[in-house]
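Below are the chains, spelled out letter by letter.
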Amino acid sequence: TCFVAKAGGRPSRAVVISGDEYIDLIDPRQQLLGRIRVSFGARQADRYHFQLGNSPIDVDAGECPNPILIDCPTHHQSYLLYGVNQSTPGRVTQR
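Cut-offs and rules
- Residues numbered from 1 in each chain as written.
- Predicted model: local features only at pLDDT ≥ 70, side-chain atom pairs only at ≥ 80, totals over all residues.
- Heavy atoms only, no water.
- Core = buried A, V, L, I, M, F, W, Y, C linked by side-chain atoms within 4.5 Å.
- Buried < 20%, exposed > 50% of the residue type's maximum accessible area, 1.4 Å probe, protein only.
- Contact = heavy atoms within 4.5 Å.
- Pairing = 2+ DSSP bridges.
- Helix = DSSP H or I, 4+ residues; strand = E, 2+ residues; numbered from the N terminus.
- Axes fitted to C-alpha atoms, helices over the stretch in contact; angles between N-to-C directions.
- Salt bridge = Lys/Arg side-chain N within 4 Å of Asp/Glu carboxyl O.
- pLDDT = per-residue confidence, 0-100.

Observations concerning the nonpolar core
Of all hydrophobic cores here, the largest spans 6 residues; its members are Tyr48, Phe50, Val59, Ala61, Cys64 and Leu69. Once residues within four sequence positions are removed from consideration, Phe50 is found in contact with Ser39, Phe40, Gly41, Ser55, Pro56, Ile57, Val59, Pro67, Ile68, Leu69 and Leu80. In terms of nonpolar packing, the next biggest core, distinct from the first, is built from 5 residues, Val4, Ile36, Val38 and Cys72 among them.

A word on the sheet that holds strand β8 (residues 77-81)
Reading across from one edge, β1-β2-β3-β7-β8 is the order of the 5 strands in this open sheet, with antiparallel pairing throughout. One side of each edge strand has no neighbouring strand; the edge strands of this open sheet are β1 (3-6) and β8. This sheet shows a mean twist of 25° between the axes of neighbouring strands, independent of strand direction. The sheet contact formed by strand β2 (residues 21-26) and strand β3 (residues 32-39) spans 6 bridges and is antiparallel. Residue pairing in the sheet places Asp24 in a bridge with Arg35 of β3.

Digging into the pattern of salt bridges
Counting across every chain of the model gives 5 salt bridges. Close ionic contact of Asp24 with Arg35 constitutes a salt bridge, the shortest N to O distance being 2.6 Å. Placement of the pair is Asp24 in strand β2 and Arg35 in strand β3, with a sequence separation of 11 residues. Asp24 sits in the buried class, given a relative accessible area of 5%. Under the relative-accessibility criterion, Arg35 is labelled partly exposed at 36%. A salt bridge links Asp46 to Arg47; the shortest N-O distance between them is 3.5 Å. By relative accessible area, Asp46 is classed as partly exposed at 40%.

Things to note about the confidence of the model for the protein chain
Scored by pLDDT, the protein chain has a mean of 86; 87% of the residues are at 70 or more. Element-level pLDDT for the protein chain is lowest in β8, with a mean of 90, against a maximum mean of 96 in β1. pLDDT under 50 marks residues 89-95. Its contacts with residues more than four places away, or in other chains, come to 7 contacts.

Structure representation (structure tokens):
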């Protein structure tokens, strides 16, 4: 079990974010477990652009609508999440 907080903020069970943010992961004893970066990317024509360290990443908006990058730099792990395109219900592409 852990709590989350916007960087330096008050811990809670959830946070609401609408833009790029750093999120603290906090244990029940109020100790900082780590910090993650959440990014919605920058929309550029038909793609979303993310910056991961020194590496640029471009994601096709048609293939990966509404992408979110979760980066945990202290553990050298990153995840790219995306939703199903609402304009084409039922269309899911697996790779």
